[in-house]
Amino acid sequence: VTAQPDGWGRRDPEARRARIIEVAASLFAVRGYEATSVNDVAREAGVSIGTLYKQFPDKPSLLEAVLAGIEAEFASGMARVREAPGDPFERLAWMI
(Lines give C-alpha, C1' and ligand atoms only; values in the text may rest on other atoms or scores of the structure.)
Protein backbone atom coordinates (compact mmCIF):
# COMPACT_ATOMS: atom_id res chain seq x y z
CA VAL A 1 0.00 0.00 0.00
CA THR A 2 1.35 3.42 -0.96
CA ALA A 3 2.11 6.41 1.25
CA GLN A 4 -0.60 8.89 2.13
CA PRO A 5 -1.02 11.67 -0.46
CA ASP A 6 -0.37 15.38 0.10
CA GLY A 7 -3.40 17.22 1.44
CA TRP A 8 -4.28 14.18 3.50
CA GLY A 9 -6.65 14.42 6.44
CA ARG A 10 -9.16 16.92 7.67
CA ARG A 11 -8.16 19.54 5.14
CA ASP A 12 -9.05 17.29 2.22
CA PRO A 13 -11.86 14.79 2.84
CA GLU A 14 -11.89 13.85 -0.86
CA ALA A 15 -8.23 12.81 -0.62
CA ARG A 16 -9.08 10.74 2.46
CA ARG A 17 -12.00 9.07 0.63
CA ALA A 18 -9.81 8.37 -2.41
CA ARG A 19 -7.14 6.91 -0.14
CA ILE A 20 -9.65 4.56 1.51
CA ILE A 21 -10.86 3.37 -1.90
CA GLU A 22 -7.29 2.92 -3.16
CA VAL A 23 -6.33 0.87 -0.11
CA ALA A 24 -9.51 -1.21 -0.28
CA ALA A 25 -8.90 -1.98 -3.97
CA SER A 26 -5.34 -3.04 -3.22
CA LEU A 27 -6.30 -5.24 -0.26
CA PHE A 28 -9.23 -6.82 -2.11
CA ALA A 29 -6.90 -7.63 -5.02
CA VAL A 30 -4.18 -9.12 -2.82
CA ARG A 31 -6.16 -10.80 -0.03
CA GLY A 32 -9.59 -11.15 -1.60
CA TYR A 33 -12.82 -9.46 -0.62
CA GLU A 34 -13.88 -12.02 1.98
CA ALA A 35 -10.47 -12.10 3.68
CA THR A 36 -10.26 -8.30 3.98
CA SER A 37 -12.06 -6.62 6.86
CA VAL A 38 -13.09 -2.99 7.07
CA ASN A 39 -10.72 -2.80 10.06
CA ASP A 40 -7.88 -3.89 7.76
CA VAL A 41 -8.79 -1.16 5.29
CA ALA A 42 -9.05 1.52 7.99
CA ARG A 43 -5.71 0.53 9.52
CA GLU A 44 -3.86 0.44 6.17
CA ALA A 45 -5.46 3.72 5.06
CA GLY A 46 -4.47 5.41 8.31
CA VAL A 47 -8.01 6.35 9.35
CA SER A 48 -10.20 5.41 12.28
CA ILE A 49 -12.95 2.87 11.75
CA GLY A 50 -15.46 5.65 12.50
CA THR A 51 -14.02 7.77 9.70
CA LEU A 52 -14.29 4.86 7.30
CA TYR A 53 -17.91 4.22 8.30
CA LYS A 54 -18.76 7.91 7.78
CA GLN A 55 -17.74 7.47 4.14
CA PHE A 56 -18.95 3.90 3.63
CA PRO A 57 -21.76 2.52 5.82
CA ASP A 58 -20.73 -1.09 5.20
CA LYS A 59 -18.25 -3.30 3.36
CA PRO A 60 -20.47 -3.79 0.28
CA SER A 61 -20.71 -0.01 -0.20
CA LEU A 62 -16.91 0.16 -0.07
CA LEU A 63 -16.74 -2.54 -2.75
CA GLU A 64 -19.24 -0.55 -4.85
CA ALA A 65 -16.94 2.49 -4.62
CA VAL A 66 -13.96 0.39 -5.69
CA LEU A 67 -15.90 -1.01 -8.66
CA ALA A 68 -17.19 2.46 -9.63
CA GLY A 69 -13.60 3.70 -9.72
CA ILE A 70 -12.49 0.80 -11.90
CA GLU A 71 -15.46 1.36 -14.21
CA ALA A 72 -14.72 5.09 -14.52
CA GLU A 73 -11.05 4.41 -15.26
CA PHE A 74 -11.98 1.83 -17.90
CA ALA A 75 -14.53 4.17 -19.54
CA SER A 76 -12.01 6.99 -19.61
CA GLY A 77 -9.41 4.75 -21.26
CA MET A 78 -11.91 3.56 -23.85
CA ALA A 79 -12.90 7.16 -24.63
CA ARG A 80 -9.24 8.08 -25.20
CA VAL A 81 -8.79 5.13 -27.57
CA ARG A 82 -12.06 5.91 -29.39
CA GLU A 83 -11.00 9.54 -29.91
CA ALA A 84 -7.43 8.74 -30.95
CA PRO A 85 -6.46 9.43 -34.54
CA GLY A 86 -5.73 6.60 -36.90
CA ASP A 87 -7.22 3.48 -38.33
CA PRO A 88 -10.52 2.47 -36.67
CA PHE A 89 -9.54 -1.22 -36.82
CA GLU A 90 -6.30 -0.45 -34.99
CA ARG A 91 -8.24 1.43 -32.30
CA LEU A 92 -10.65 -1.51 -31.99
CA ALA A 93 -7.68 -3.82 -31.41
CA TRP A 94 -6.42 -1.48 -28.65
CA MET A 95 -9.84 -1.63 -26.99
CA ILE A 96 -9.85 -5.41 -27.04
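To be clear, the structure that these remarks concern was listed above.
Within each chain, residues carry numbers counting from 1 in the order of the written sequence. With pLDDT at 70 or above as the cut-off, local features in this predicted model cover only qualifying residues; side-chain atom pairs require 80 or more to be listed or tallied, and sums for whole chains, interfaces and linings still use all residues. Just so you know, side-chain values use all the structure's heavy atoms and leave hydrogens and water out.

Trainee: I'd like to hear about the packing of aromatic side chains, residue by residue, with values.
Mentor: Working definition: rings of Phe, Tyr and Trp (its six-membered ring) pair if their centres are within 6.5 Å, and the pair is stacked with planes under 30 degrees apart, edge-to-face with planes over 60 apart, and tilted otherwise. A complete count under the given rule lists one aromatic pair for this structure. Consider the rings of Phe28 and Tyr33, whose centres lie 5.2 Å apart with planes at 65°: the pair is edge-to-face.

Trainee: Quick rundown of helix α2 (residues 38–45)? Include the residues and the values.
Mentor: Side chains that are three or four residues apart share a direction in an α-helix, a result of its 3.6 residues per turn. When we look at burial in α2, the residues that qualify are Val38, Asp40, Val41, Ala42 and Ala45. Positioned one or two residues after α2, Gly46 has a phi angle of 80°, which is positive. The cut-offs for exposure are 20% and 50% of the maximum accessible area for each residue type, with area from a 1.4 Å probe on protein chains only; residues under the lower value are buried, those over the upper are exposed, and the others partly exposed. A helix here means a DSSP run of H or I that spans at least four residues, while a strand means a run of E at least two residues long, and both kinds are numbered starting from the N terminus.

Trainee: Mind laying out the nonpolar core, listing which residues take part and the relevant values?
Mentor: Ile20, Ala24, Val41, Val47, Leu52, Phe56 and Leu62 are the most contacted members of the largest nonpolar core, which has 16 residues in total. Elements represented by at least two residues in this core include exactly α1 (13–31), α2 and α4 (59–83). A per-element tally of this core places α1 first, with six residues. Take the buried residues of types Ala, Val, Leu, Ile, Met, Phe, Trp, Tyr and Cys, join any two whose side-chain atoms come within 4.5 Å, and each joined set is a nonpolar core.

Trainee: Lay out the packing of α1 against α4 in plain terms, naming residues and giving numbers.
Mentor: Think of each axis as a best-fit line through the C-alpha atoms, taken over the contacting stretch in the case of a helix, with angles from 0 to 180 degrees between the N-to-C directions. Taken N-terminus to C-terminus, the directions of α1 and α4 make an angle of 95°; their axes are 9 Å apart at the nearest point. One finds that α1 runs roughly perpendicular with respect to α4. Judged by residue contacts, Arg17, Ile20, Ile21, Ala24, Ala25 and Phe28 of α1 engage Lys59, Leu62, Leu63, Ala65 and Val66 from α4. The residue makeup of the contact of α1 with α4, split by class, is nine nonpolar, no polar and two charged. Orientation categories follow fixed angle ranges, with anything under 35 degrees roughly parallel, anything over 145 roughly antiparallel, 65 to 115 roughly perpendicular, and all other angles oblique. Note on contacts: a residue pair qualifies if any of its non-hydrogen atoms lie within 4.5 Å across the two residues. Ten residues, namely Ala, Val, Leu, Ile, Met, Phe, Trp, Tyr, Cys and Pro, are considered nonpolar, four, namely Asp, Glu, Lys and Arg, are considered charged, and the remaining ones, Gly among them, are considered polar.

Trainee: Lay out the side chain of Thr36 in plain terms, naming residues and giving numbers.
Mentor: Its place among the elements puts Thr36 in the loop between α1 and α2. Contact partners of Thr36, with chain neighbours within four places excluded, come to Leu27, Phe28, Arg31, Val41 and Lys59.

Trainee: Give me the pattern of salt bridges: which residues, what numbers.
Mentor: It is possible for side chains bearing opposite charge to pair when their charged atoms get close. Counted as salt bridges are all cases of a side-chain nitrogen of Lys or Arg within 4 Å of a carboxyl oxygen of Asp or Glu. On inspection of all chains with the given rule, the structure shows two salt bridges. Here Asp40 makes a salt bridge to Arg31, at a shortest N to O gap of 3.2 Å. Looking at Arg31, the relative accessible area reads 38%, which means it is partly exposed. Linking Arg43 and Asp40 is a salt bridge whose minimum nitrogen-to-oxygen distance equals 2.7 Å. A residue pair is termed a helical-turn pair when its members lie 3 or 4 positions apart in one helix, as Arg43 and Asp40 do in helix α2 at three residues. We classify Arg43 as exposed; its relative accessible area is 54%. Judged by its relative accessible area of 12%, Asp40 falls in the buried class. Where salt bridges share partners, they join Arg31, Asp40 and Arg43 into one cluster.

Trainee: Explain a nonpolar patch on the surface to me, and be specific about the residues and the numbers.
Mentor: Together, Phe89, Leu92 and Ile96 line one region of the surface with nonpolar side chains, adding up to about 410 Å² of accessible area. Tracing the backbone through its elements, the reader meets Ile96 in the segment after α5 (88–95). Under the relative-accessibility criterion, Ile96 is labelled exposed at 80%. Residues qualify for a patch when their relative accessible area is over 30% and they have no salt bridge, like charges being joined within 9 Å and the nonpolar side chains of Val, Leu, Ile, Met, Phe, Trp and Tyr within 5 Å. Accessible areas in this description were obtained via Shrake-Rupley with a 1.4 Å probe; residue shielding takes into account the shown protein chains only.

Structural measurements only, silent on function.
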